[in-house]
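# Observations on the three-dimensional arrangement
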Amino acid sequence: MPVISYREALNQAMREEMERDANVFIMGEEVGHYNGAYKVTQGLLQRFSERRVVDAPIAEMGFAGIGVGAAMVGLRPIIEFMTFNFSLVAIDQIVNNAAKIFQMSGGQYNIPIVFRGPSGPAVQVGSQHSQSFESYYAHVPGLKVVMPSTAKDAKGLLKTAIRDENPVVFMEGETLYNTTWDVPEGEELIPIGVADIKREGKDITLIAWSKMVWTCLDAATALAKEGIECEIVDPRTLRPLDVETLATSVRKTGRCVIVEVGWPVAGFGAEVAYQMQKLCMDSLDAPIERVCSDDVPMPYAKNLEDEVQPQVKDVVAAVKRALYLE
Amino acid sequence: MVAPVVTASQTTPDTKRVESDEQQELVDTTTAELAPLYRQMLAIRRMEEACAKAYSTGKIGGFLHLIIGQEAVCVGAIAAIENKDYVVATYREHGHAYAKGVAARPIMAELYGKKTGLVKGLGGSMHLFDKPTNFLGGYGIVGGHVPIAAGAAFASKYRGDGAVTLCFFGEGASTIGGFAEGLALAALWKLPVVLICENNQYSMGTPVYRSLAVEDVSLRALAHGMPRDRFDGDDVVKVKRRIAEAVERARTTGEPSLVEVVTYRFRGHSMSDPGLYRTKDEVEEWRRRDPLNRSRQRLLDLGFPESELNALEEDVKAEIEDAVKFAEDSPPADEYFPYVIKE
Ligand SMILES: Cc1ncc(C[n+]2csc(CCOP(=O)(O)OP(=O)(O)O)c2C)c(N)n1
Ligand SMILES: [Mg+2]
């Protein structure tokens, strides 16, 4: 199986789906001539021309809305936000239109659209550019929310998202683009709403998505040296959420730590914790732990930025608390 | 049928400017006026170069947007206002902060992420703020700060304090809602704000002709009955004079203006952008009109002694070296919780 980068995987997914369906087009800032701010759309303009790879000016509300309108009447837009921080300028189109039109129209108009782009803190880009809005979108009925952690998941899930009949908010890890993984060639679709065990273990379940899966893998390696075997479950999609796979793992280990890079208050991990305590009450040997970023806007200085985000040491500490080792 | 006011045109390196070199007239000035403006531009240039150097060695991180080539706009415009007036800017704002009176030391220390930084290492390059000089900040979401500038102007009108707000943004911002709404409200309520579009021809890798149907940003004022102006931004004195007209109008009548200043950034959009979308010739053409060289030559033409000019340049060099040393020697940033909610 070829080892490719997360960036390349996303590129392949879009390329293949555009080959497959002439109604799929890409629109966003710098997606064409510049080959993408993060080079995810590299080469697509050359392959598909300006008709299908559309460079938009800085008007997120406008081009997100254009995507919704085009989707109503039969196209399948992929709208790229240069980062999800800028999706806030377009959130009205996503929440009030894309998510509502199917229901408002009594089921006449569904909106097959993908809103995609990098999400989560990057490195030293400050408070307005380092945010994780998955909880915002996961809150909204009518949307699907996908957050792949590996190149394999990125490709399989993006292909599925493009074929989905509904609006999909597809949030890529801004710091994951260079990570690599074995990715099967060609047609491998990963269904939305199916979690994936990223590491098997018997002692404790770590639930994490996107970049935090990698932090958990590192923490698990460190903990294994102390004889603690972590199971890492990656929901991959937050809405719909595969609670059964998550709960099966938690029932097996009896302990659970939920790790997310977003803020703690009303963070998506709180919903996961609720579901797990409800489904696994009888199996739990300790209260469910959460690890989140600190409850602050992201500072710029590197030392503070590292301190704010969940680090391996924070996950290790939470695991030990859940195991009553500290 | 009503004829269109203006038709869109494809831009070429020669037509981007408002006036050709021959058409440009010398604006009257004195060495007493020009020397300090030149000094500011030079200090900004040297500071930006020092930032680029520190970035390449990893001492500055994140996004770093340099203003090299555009210095005459912020320096000329801010020279036209008083201390009590406000400035609101984008992420490309080191020069604006400096021109408003912020020292090089805290700017440099901020970029280094140090405790002694202008905003304690919390904001970095894109988010300089300084209450003592009424510098209301550098903002990272394109267009989002335009209504904020209108808001400061609203407060000035409300209080009748006679202050004027300058709001800077790129031509790429002119397509976003924040700009459109800020413009509409400023016009409707006659808020004393001067909206200054620093048209540097590119929004990241996108040239103006691919982002605007009509390339003249200042025309947008017409729809709101707002005064507008448009000129080339390489003569710092000219920038000062023309912005002063808009400031005077805002101060005396409360009338806002939309002013487009045509300029050029010599480097990429940010440090991570190699700027491959521009030809070498185009960049050279604009470097030939470097606003710093122009002002330097003008000073000499006006009889400013070369020895004094050299002394001024040495002084600037020392100032920036000192700022870098200050940043290097400062302790790291160390707190972030105290500024989430004011008690
Ligand atoms: C709402 C929003 N969309 C996209 C971006 C990413 N971005 C930052 S600067 C920029 C280009 C801005 O160009 P322009 O307004 O001309 O200003 P310049 O950088 O040329 O000074 C873009 C697209 C952003 N910061 N905010
Ligand atoms: Mg620009």
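Residues numbered from 1 in each chain as written. Chains lettered and ligands numbered in written order. Predicted model: local features only at pLDDT ≥ 70, side-chain atom pairs only at ≥ 80, totals over all residues. Heavy atoms only, no water.

## Quick notes on the overall build of chain A
The test is simple: Helix numbers and strand numbers start at the N terminus; a helix is a DSSP run of H or I with at least 4 residues, a strand a run of E with at least 2. When a residue's accessible area, from a 1.4 Å probe over protein chains only, is under 20% of the maximum for its type it is buried; when over 50% it is exposed; and in between it is partly exposed. Residues are treated as being in contact if the distance between any of their heavy atoms lies within 4.5 Å. Under this rule, positive means Lys or Arg and negative means Asp or Glu; His and the chain ends count for nothing. The atoms used to mark charge sites are NZ of Lys, CZ of Arg, CG of Asp and CD of Glu.
Looking only at helices and strands, chain A features 12 helices and 14 strands. Across the 326 residues in chain A, those meeting the buried criterion constitute 61%. For chain A, long-range pairs separated by at least 24 residues make up 81% of all intrachain contacts whose partners lie at least 6 apart in sequence. Once the 31 positive and 44 negative side-chain charges of chain A are each reduced to a mean point, those two points are 3 Å apart.

## Overview of the site of ligand 1
Just so we agree on the cut-off: In this text, near means that some heavy atom of the residue lies within 4 Å of the molecule or strand in question. For the purposes of these results, a polar contact is taken to be a pair of N or O atoms within 3.5 Å, where, inside protein, one atom must be able to donate a hydrogen and its partner to accept one; residues adjacent in sequence count only when each atom of the pair is a side-chain atom. Here the accessible surface of atoms and residues is derived via Shrake-Rupley with a 1.4 Å probe, and residues count as covered only by protein chains that are part of the display. Gly is put with the polar residues, along with every residue not named as nonpolar or charged; the nonpolar set is Ala, Val, Leu, Ile, Met, Phe, Trp, Tyr, Cys and Pro, and the charged set is Asp, Glu, Lys and Arg.
Taken together, 21 residues form the shell around ligand 1, and within it Glu60(A), Tyr91(B), Arg92(B), Gly140(B) and Asn200(B) come nearest. Note that an oxygen atom of ligand 1 is positioned 2.7 Å from one of the side-chain N or O atoms of Tyr91(B). Alone, ligand 1 offers 580 Å² of accessible surface; in the complex the protein occludes 97% of this. Of the residues that constitute the shell around ligand 1, the class distribution is 10 nonpolar, seven polar and four charged.

## Here we look at the pattern of salt bridges
This is how the line gets drawn: For this document, the term salt bridge refers to a Lys or Arg side-chain nitrogen within 4 Å of an Asp or Glu carboxyl oxygen.
Evaluated as defined, the whole model comprises 57 salt bridges over all chains. Note that Arg251(B) and Glu82(B) form a salt bridge whose closest N and O atoms lie 3.7 Å from each other. Remark: Glu82(B) occurs in the loop between helix 2 (71-78) and strand 1 (86-90) and Arg251(B) occurs in helix 7 (residues 236-253); sequence separation between them is 169 residues. Residue classification places Glu82(B) among the partly exposed residues on the basis of a relative accessible area of 42%. The closest approach of N and O atoms between Asp322(B) and Arg105(B), which form a salt bridge, is 2.8 Å. Of the two residues, Asp322(B) sits in helix 10 (residues 306-329) while Arg105(B) sits in helix 4 (residues 104-111), which places them 217 residues apart along the sequence. Judged by relative accessible area, which is 33%, Asp322(B) ranks as partly exposed. One network of salt bridges, with partners in common, ties together Glu16(A), Glu17(A), Arg20(A), Lys155(A), Lys159(A), Arg163(A) and Glu187(A).

## Overview of the sheet that holds strand 12 (residues 237-239) of chain A
Residues and elements named next belong to chain A. Spelled out, the test is: For two strands to be treated as a pair, DSSP must find at least two bridges joining them. Here an axis means a line fitted to C-alpha atoms, over the contact stretch when the element is a helix, while the angle between two N-to-C directions is reported on a 0 to 180 degree scale.
If you trace the seven strands from one edge of the open sheet to the other, you get 3-2-4-5-7-6-12, paired in mixed fashion. On the outer flanks of this sheet lie strand 3 (53-55) and strand 12, each paired with one strand and no other. Direction aside, neighbouring strands of the sheet carry axes that sit 20° apart on average. Bridge count for strand 6 (residues 144-146) against strand 7 (residues 168-173) is three bridges, and the pairing is parallel. Bridge pairing links valine 145 to valine 169 in strand 7. Contacts between helix 7 (residues 151-163) and the sheet are confined to strand 2 (24-28), strand 4 (76-80), strand 5 (114-119), strand 6, strand 7 and strand 12, with strand 7 contributing the most and set at about 160° to the helix.

## Here's the deal with the sheet that holds strand 2 (residues 135-139) of chain B
All names here are of chain B. Reading across the sheet, the six strands line up as 2-1-3-4-8-7 and stay open at both edges, with parallel pairing between neighbours. The open sheet has two edge strands with one neighbour each: strand 2 and strand 7 (228-232). On average, adjacent strands in this sheet sit at an angle of 15° to one another, irrespective of strand direction. As defined by bridge partners, strand 3 (residues 165-170) adjoins strand 4 (residues 193-199) across six bridges and the pair is classed as parallel. In the sheet register, phenylalanine 168 faces strand 4, and the bridge partner there is isoleucine 196.

## Observations regarding the interface of chain B and chain A
Definition in use: Buried area counts how much accessible surface, traced with a 1.4 Å probe, disappears from two parts once they are put together, with both parts' losses summed.
Between chain B and chain A, the contact holds 37 residues from the first and 29 residues from the second. Between chain B and chain A, a total of about 2600 Å² is buried, with carbon and sulfur atoms accounting for 64% of that surface. Summed over the three residues of chain B that lose the most area to chain A, namely Ile141(B), Arg210(B) and Tyr336(B), the buried surface amounts to 24% of that side. Counting every contact that joins chain B to chain A gives one salt bridge. We note a salt bridge from Arg210(B) to Asp55(A), for which the minimum N-O separation is 3.3 Å. Applying the counting rule to chain B against chain A returns 13 residue pairs in polar contact (both at pLDDT 80 or more). Looking at the side of chain B that touches chain A, its residues break down into 17 nonpolar, 15 polar and five charged.

## Looking at the packing of helix 1 (residues 6-20) of chain A against helix 2 (residues 44-52) of chain A
Residues and elements named next belong to chain A. Here is the rule we go by: Throughout, the term roughly parallel applies to angles under 35 degrees, roughly antiparallel to angles over 145, roughly perpendicular to angles from 65 to 115, and oblique to all others. Crossings are sorted by hand: turned counterclockwise from the far helix by less than a right angle, the near helix makes the crossing left-handed, and turned clockwise it makes it right-handed.
Viewed as axis vectors pointing N to C, helix 1 and helix 2 meet at an angle of 55°, and their least axial separation amounts to 11 Å. Of the possible angle classes, the one that applies to helix 1 and helix 2 is oblique. In the crossing of helix 1 with helix 2, the sense of the turn from one axis to the other is left-handed. Residues Asn11, Met14, Arg15, Met18 and Glu19 of helix 1 lie in contact with helix 2, whose contacting residues are Leu44, Arg47, Phe48 and Arg52.

## So, the coordination of the magnesium ion (ligand 2)
All names here are of chain B. Here is the rule: With water excluded from the atoms, a metal site may look incomplete; its donors are any N, O or S atoms within 2.8 Å, or within 3.2 Å for Na, K and Ca.
The protein atoms that coordinate the magnesium ion (ligand 2) are Glu171 (OE), Asn200 (OD1) and Tyr202 (O), at distances spanning 2.0 to 2.3 Å. When the donors of the magnesium ion (ligand 2) are listed by position in the chain, the intervening gaps give E-x28-N-x1-Y. Residue glutamate 171 is found in the loop between strand 3 and helix 6 (177-188), and its partner tyrosine 202 is found in strand 5 (residues 202-203); the two are separated by 31 residues along the sequence. Taking relative accessible area as the criterion, tyrosine 202 reaches 7% and is therefore assigned buried.

## Some remarks on the domain arrangement of chain A
Residues and elements named next belong to chain A. For clarity, the threshold we go by: Residue ranges labeled as domains rest on an automatic or database domain assignment.
In terms of domain boundaries, chain A breaks down into domain 1 (3-182) and domain 2 (196-322). Domain 1 and domain 2 are separated by 26 Å when their C-alpha centres are compared. Listed by partner, the interface residues are 34 residues for domain 1 and 27 residues for domain 2. Buried area between domain 1 and domain 2, both sides added, is near 2400 Å², and the carbon and sulfur share of it is 59%.

## What to know about the nonpolar core
Heads up, the rule is: Residues belong to one nonpolar core when they are buried, are Ala, Val, Leu, Ile, Met, Phe, Trp, Tyr or Cys, and are joined through side-chain atoms within 4.5 Å.
Met108(B), Leu166(B), Val194(B), Ile196(B) and Ile243(B) are the most contacted members of the largest nonpolar core, which totals 74 residues. For this core, the element with the most residues is helix 1 (residues 31-56) of chain B, which contributes 13 residues. Excluding anything up to four places from it in sequence, Val194(B) contacts Val164(B), Thr165(B), Leu166(B), Cys167(B), Ala246(B), Val247(B), Ala250(B), Ser257(B) and Val259(B). Residues Phe25(A), Ala64(A), Ile258(A) and Phe268(A) belong to the second largest nonpolar core, which totals 46 residues.

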